[in-house]
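# Topology and contacts: notes
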Amino acid sequence: MDRKTIFKITDYIERDLKWEEEQCAALGIEFQHYQLRNAEPAELIETCRDADIILVNMANFTPEVIAGLDNVKVVLRHGIGYDKVDVPAMTEHGIIFANEATASAIDVAEQAIQLMLGTYKKLKIQMQIAQENRGSERWNYGPRLYPGYRIDGKTIGIIGCGNIGSIVLRKLRSFGA
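Remember, it's a predicted structure, so these values are computed and weren't measured experimentally.

This paragraph deals with the nonpolar core. Judged by nonpolar contacts, the single largest core of 21 residues is most densely connected at I54, F61, L69, V75 and M90. When residues of this core are traced back to their parent elements, those giving at least two are α2 (41–48), β3 (53–56), α3 (63–67) and α4 (87–92). The greatest single-element share of this core, amounting to three residues, is contributed by α2. Once residues within four sequence positions are removed from consideration, V75 is found in contact with I54, V56, M90, I95, I96, F97 and A98. Counting residues in each nonpolar core, the second largest holds seven residues, with F7, Y12, F31 and L55 among its members.

With that out of the way, let us pick up unusual backbone geometry. Even without being a glycine, K122 presents a positive backbone phi close to 55°. Mapping K122 onto the fold places it in the loop between α5 (105–120) and α6 (123–132).

Among all positions of helix α7 (residues 163–173), only G165, I167, V168 and L172 are buried. Taken end-on, α7 shows its buried residues confined to a sector of 160°, consistent with a single buried face. In α7, the exposed positions that point more than 90 degrees away from the buried face belong to R170 and R173. On its buried face, α7 sits against α5.

Right, let's talk about the sheet that holds strand β1 (residues 6–9) for a bit. The strand order across the open sheet formed by five strands is β2-β1-β3-β4-β5, and the pairing between neighbours is parallel. Across the chains shown, the open sheet's two edge strands, defined by having one partner strand only, are β2 (30–33) and β5 (96–99). Averaged over all pairs of adjacent strands, the angle between strand axes in this sheet comes to 15°, irrespective of strand direction. Pairing of β1 with β3 involves three bridges; the strand directions are parallel. Of the residues in β3, the one forming a bridge with F7 is I53.

Let us now look at α5. In this model α5 runs 22 Å from its N-terminal to its C-terminal C-alpha over 16 residues, within 8% of the 22 Å that 1.5 Å per residue would give. Within α5, burial applies to A105, A109, I113 and G118. Those residues of α5 that are buried are in contact with α6 and α7.

Taken together, the side chains of W139, Y141 and Y146 make up a nonpolar region of the molecular surface, amounting to roughly 360 Å² of accessible area. Positionally, W139 belongs in the loop between α6 and α7. Note on W139: relative accessible area 45%, which makes it partly exposed.

Our next topic: the side chain of K8. Position of K8 among the secondary structure elements: in strand β1. Given a relative accessible area of 3%, K8 falls into the buried group. A polar contact is formed between the side chain of K8 and the backbone oxygen of T47, at a distance of 2.4 Å.

Contact geometry of α5 with α7 gives a least axis separation of 8 Å together with a crossing angle of 55°. By the angle class used here, α5 and α7 are oblique. Judged by the twist between their axes, the crossing of α5 over α7 is right-handed. Mapping the contact onto sequence places A105, I106, V108, A109, E110, A112, I113 and M116 in α5 and N163, I164, I167, V168, K171 and L172 in α7. Classifying every residue of the contact of α5 with α7 by side-chain character gives eleven nonpolar, one polar and two charged.

Rules behind the numbers
- Residues numbered from 1 in each chain as written.
- Predicted model: local features only at pLDDT ≥ 70, side-chain atom pairs only at ≥ 80, totals over all residues.
- Heavy atoms only, no water.
- Core = buried A, V, L, I, M, F, W, Y, C linked by side-chain atoms within 4.5 Å.
- Buried < 20%, exposed > 50% of the residue type's maximum accessible area, 1.4 Å probe, protein only.
- Helix = DSSP H or I, 4+ residues; strand = E, 2+ residues; numbered from the N terminus.
- Contact = heavy atoms within 4.5 Å.
- Arc of directions from axis to C-beta.
- Pairing = 2+ DSSP bridges.
- Axes fitted to C-alpha atoms, helices over the stretch in contact; angles between N-to-C directions.
- Expected span 1.5 Å × (residues − 1).
- Patch = residues over 30% accessible without salt bridge, like charges linked within 9 Å, V, L, I, M, F, W, Y side chains within 5 Å.
- Areas by Shrake-Rupley, 256 points an atom, 1.4 Å probe, with all protein chains shown as cover.
- Salt bridge = Lys/Arg side-chain N within 4 Å of Asp/Glu carboxyl O.
- Polar contact = N/O pair within 3.5 Å; in protein donor to acceptor, adjacent residues only side chain to side chain.
- Parallel < 35°, antiparallel > 145°, perpendicular 65-115°, else oblique.
- Left-handed = near helix turned anticlockwise from the far one by under 90°.
- Nonpolar A, V, L, I, M, F, W, Y, C, P; charged D, E, K, R; others polar.

Treat this as a map of the structure, not an account of what it does.
Printed below as a string of structure tokens:
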């Protein structure tokens, strides 16, 4: 009798995994998910040892954990980095490892730009002024918003131009920076 492929997720940030569960069911894959972000090695081993495929977000896959994975063939890291997974230990045990190299890169880059713009354009002060002047027929900026700054023509330093930094750079160019 053939054994079903077992796919386990150690930890996740999504609200639910209904879509993933449906996709696995359609493929005849047994799907299990947990919240083992801070689990001890023994718990990760006990939970994951029979899996064929594991998707990990923040659970720590140390050499000890990896050595206890009896059946695992593939480990996927849901995220850019692989700091929570000992890649040499995976290789040593014949486990294929892959990460999601561009996961959330656009979202993080846009958040960085949003924070830059909010700071540079004094967004918090602008919001306070809008509240203070709500309902009046005048718009009193006062000295709090001056001097005003523009991104256009400015030089912006980006430390690290990997996936995220490169996206920030590309998007900031459209502002004329």
